[in-house]
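Residue-level listing of the chains:
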Amino acid sequence: MTSAKSTETSPSSPTTAGAGARSATAPAAPAAAGRHADDAASNPFFTPSELPYGLPPFARIRHAHFLPAFERGLAEQLAEVAAIGASPDPPTFENTVAALERSGAVLRRVSAVFFNKANADSDRATRELEAEIVPRLAAHEDALLLDPALFARVEALHDDRDGLGLDEEQARLLARHHGARVRAGARLAAGQQQRLRELNARLATLCTEFQQNLRADTAAAALVVDRAEELAGLPADEIAAAAENARALGHDGAFVLSLLNFTNQPQLAALEDAALRERLLAASMGRGGAANAAVAVTVARLRAERAALLGHPHHASWQVADQTAGTAGAVEEMFEKLIGPAVAHAEREGAALATAAGVPEVGPADWQFFAERVRRQRFDLDAAALRPYLELEAVLRDGVFHAATLVYGITFRERPDLVAYHPDARVFEVHDADGGPLGLYVGDFHARESKRGGAWMNELVTQSHLLGQRPVVVNNLNIAKPAAGEPVLLNWHEVTTLFHEFGHALHGLFSDVRYPLLAGTEVPRDFVEFPSQVNEMWAEWPEVLARYARHHRTGEPMPPELPAKLREAERFGEGFDSVEHLSAAVLDWAWHTLPAAELPDAAGVAAFEAAVLARYGLAHPAIPPRYRTGYFAHVFGGGYAAGYYGYRWAEVLDADTVRWFRENGRTVRESGEVFRRELLSRGNSVDPMTAFRAVVGHDPDFGPLLARRGATATP
């Protein structure tokens, strides 16, 4: 999920593609009365921030600043674009394409802060403004992409591109601006463009509605437990965190298990009470309900209509044409290669679980519980025994940061003098290997009622030599906050999630391009997860693990046998994980490969899901999809529509690259420099697959992924 991209990278916020602006995030400053700031001169979005690295001045930002800044930003960029299109001078790269990249400064600043707030620290006023402003931003993006005078200039440059003397990055930028406008419908007739604008505005409204419905439903579905005894099996610190969560939510004396954004909640692996496990899974899978089913159906139908307008048989065809996969057929081929081995692997795991449970088969609410029992029996590993060695601060500083120093030479210094958007968010200055400034990293690790679920990375400031900007990147996680004074102990999934999201952060921090549209994580959706998945490897790299995995009280290192057992135990569960992910991916794919007339109505969503899973051979009774339609926010609330396959597509690249790191004969530091120079620093200034080949030296190979997943290729 960049851009809001993460392990479960969050859906992107609206962008202004014509200017290369992107989504980001907002402050947790107190709201001022009224909708408009009294004094326009005091609006902090109207001028560039004077703080280090352009960090937004969160201490000065109030809710009342947002709407005036959006309105000025929208108007200013429209005027700038109109001036470019009306110029009497012949089009040049500088007066057209570079001018577009410079436009929209106020809108970039306010969008970055506001959408960060909408995701990380929302409130009623923020949600109301989000619902109002998102369709206006969608209309604004259409105005930029469909402006006929501007398109005529961009197309003239594109037609003459070979004679312009452009360097590689300029040529790439021109191609991206031209391609975005063609894909958006710039060549359609006026009546078709008008319908396209209506569709885009409606879709923007519906996706926001889906997200807001889900946020409310997820909060309402939190499981309230009256007695600590009912939570038997959970570690003591998790029970204490559930009590603290209950207190914060107004359930003093009780215990609350708030839901994470995916289906299988982590407590299912530990809770001894089978009935409570059933309740927890039912609460998780029941989110979204009728309201979001209706929204999802409408969204899918409108996307199908839009794809037809744009000359594609379905939304997936339109979407994948701009991804590294290239065609819907390539995605289907990937499914064919991965599904058979994944299901066979999961069946072997299920048989082992049934034996351990002494039953013919294990149900979905019990799978993780008995999987944990098998891991203890087969590998002598208790996941709860790892937690005392995985304290957040140690994982962050001696794990995530140390790995980045080991591989890339960069260093980190906390800056408590710099105010972030919420008291939980911490700011770190990042220095390059030569000691020079690189950017800022903001870590916001704890769950709270005002934050949406999941984990993600986004940017408050995008790197750009043209704009003189160094990057300011944000990582958000949802780790339960313990009682005051207690340590924050992580499970292994939370450790790998932190490493994953930091991989997205590195992609943004290492960006070294001129133009913001090409910077950092502004790469295809099915490529963006690749660098972050590679970064997960350092979580269990021996030199890194030995440094951070120490008992939080005694300082004793994790027993030497545990890492090896952990690696073995992780393999048991790869089948479940693969089927769970692939099931969600094919649901997304099916919603976006059918014409509107063949999509179900809201009442038929469950039957539609069942039919799709059966058709792909993924209807496993004990492994529900990682996301069902009603809470599939990646797809119906954001930018992953017909793109959730990208996690597996990117994992092919990831596994191949991890093999390269281990086997290329260079030192870790030397390999890190190659990976940074050839890929992380390039953003989208070169073709992403060209960057991949420049690192590993060959086309992607499925072999390392299948080996990692404990599977063999389908014949």
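Nothing here was measured: the structure is a model prediction, and the numbers come from that model.

Colleague: Give me the lowdown on the overall build of the chain, citing residues and values where you can.
Modeller: The helix and strand tally for the chain stands at 26 helices and seven strands. Scaling as 2.2 N^0.38, a compact globule of 715 residues should have a C-alpha radius of gyration of about 27 Å, and the chain matches this with 25 Å. If you line up the chain on its principal axes, its C-alpha atoms span 80 × 60 × 55 Å. Looking at the chain residue by residue over its 715 residues, the buried ones come to 60%. For the chain, the computed accessible surface area is about 25,800 Å², with 53% contributed by carbon and sulfur atoms. Measuring between centres, the 70 positive side-chain charges of the chain sit 1 Å from its 93 negative side-chain charges.

Colleague: Before we move on, can you summarise the sheet that holds strand β4 (residues 426–431) with the specific residues and values?
Modeller: Taken together, five strands build an open sheet; the order of strands is β3-β4-β5-β7-β6 and the sheet is mixed. Each edge of the open sheet is held by one strand with a lone partner, namely β3 (411–414) and β6 (456–461). Adjacent strand axes in the sheet meet at a mean angle of 30°, parallel and antiparallel pairs treated alike. In this sheet, strand β7 (residues 472–479) lies alongside strand β5 (residues 437–446) in parallel orientation, the contact comprising six bridges. Looking at the pairing, Leu440 lines up with Val472 of β7. Strands in contact with helix α3 (residues 105–120) are β5, β6 and β7; relative to β6, the strand with the most contacts, it is inclined by about 150°. Those strands touched by helix α15 (residues 392–408) are β3, β4, β5 and β7, and its axis lies near 20° from that of β4.

Colleague: Residue-level account of the environment of Glu209, with values.
Modeller: Examined against the element boundaries, Glu209 turns out to sit in helix α7 (residues 190–220). On a C-alpha basis, the gap between Glu209 and Asn292 in space is 8.4 Å, while along the polypeptide they are 83 residues apart. Those residues in contact with Glu209, other than ones at most four positions away along the chain, are Asn292 and Val295.

Colleague: Mind laying out the pattern of salt bridges, listing which residues take part and the relevant values?
Modeller: If you walk through the whole model with that rule in mind, you get 47 salt bridges. With a closest N to O distance of 3.9 Å, Asp398 and Arg547 form a salt bridge. In this pair, Asp398 is assigned in helix α15 and Arg547 in helix α18 (residues 542–548), connecting sequence segments 149 residues apart. Overall, the relative accessible area of 43% leaves Arg547 in the partly exposed class. Among the ionic pairs, Asp699 bridges to Arg693, the shortest N-O distance being 2.5 Å. The exposure class assigned to Asp699 is partly exposed, which follows from its relative accessible area of 48%.

Colleague: Pulling in residues and values, what's your account of the confidence of the model for the chain?
Modeller: Confidence along the chain averages 92 in pLDDT terms, with 94% of residues attaining 70 or more. Across residues 1–38, where pLDDT falls below 50, the model places 202 contacts with residues more than four positions away in sequence or in other chains.

Colleague: Tell me what's going on with empty space enclosed by the protein, and back it up with residues and numbers.
Modeller: Quantified by volume, the largest cavity comes out at close to 90 Å³. Surrounding the largest cavity, eleven residues form its lining, Leu338, Ala342, Ser578, Leu706 and Arg709 being those nearest its centre. Contributions of two or more residues to the lining of the largest cavity are made by α12 (328–357), α20 (574–591) and α26 (703–708). In terms of residue count, the dominant contributor to the lining of the largest cavity is α12 (four residues). Each residue belonging to the lining of the largest cavity can be placed in one class, and the counts come to seven nonpolar, two polar and two charged. Taken as a whole, the second largest cavity encloses approximately 40 Å³ of empty space. Residue lining of the second largest cavity: Tyr408, Gly503, Leu506, Pro531, Val534, Asn535, Phe675 and Leu680, and that is the complete set. Of all the secondary-structure elements, those providing two or more residues to the lining of the second largest cavity are α16 (492–509) and α17 (525–535). For the lining of the second largest cavity, the element with the highest residue contribution is α17, accounting for three residues. Considered class by class, the residues forming the lining of the second largest cavity number six nonpolar, two polar and no charged.

Colleague: A description of the packing of α12 against helix α13 (residues 367–379) should follow, citing residues and the corresponding values.
Modeller: Axis separation between α12 and α13 bottoms out at 9 Å; the angle between their running directions is 80°. The orientation of α12 with respect to α13, classified from their angle, is roughly perpendicular. Along its contact with α12, which presents Ala346, Glu349, Gly350, Ala352, Leu353, Ala356 and Ala357, the element α13 presents Trp367, Phe370, Ala371, Arg373, Val374, Gln377 and Arg378.

Cut-off values and rules
- Residues numbered from 1 in each chain as written.
- Predicted model: local features only at pLDDT ≥ 70, side-chain atom pairs only at ≥ 80, totals over all residues.
- Heavy atoms only, no water.
- Helix = DSSP H or I, 4+ residues; strand = E, 2+ residues; numbered from the N terminus.
- Rg over C-alpha atoms; globule rule 2.2 N^0.38 Å.
- Buried < 20%, exposed > 50% of the residue type's maximum accessible area, 1.4 Å probe, protein only.
- Areas by Shrake-Rupley, 256 points an atom, 1.4 Å probe, with all protein chains shown as cover.
- Lys, Arg positive; Asp, Glu negative; His and termini not counted.
- Charge placed at Lys NZ, Arg CZ, Asp CG, Glu CD.
- Pairing = 2+ DSSP bridges.
- Axes fitted to C-alpha atoms, helices over the stretch in contact; angles between N-to-C directions.
- Contact = heavy atoms within 4.5 Å.
- Salt bridge = Lys/Arg side-chain N within 4 Å of Asp/Glu carboxyl O.
- pLDDT = per-residue confidence, 0-100.
- 1 Å grid on protein atoms, 1.4 Å probe; cavity = no way out; pocket = protein on both sides within 12 Å on 5 of 7 lines; lining within 4 Å.
- Points joined across faces, edges and corners; volume = space filled by probe spheres on them.
- Nonpolar A, V, L, I, M, F, W, Y, C, P; charged D, E, K, R; others polar.
- Parallel < 35°, antiparallel > 145°, perpendicular 65-115°, else oblique.

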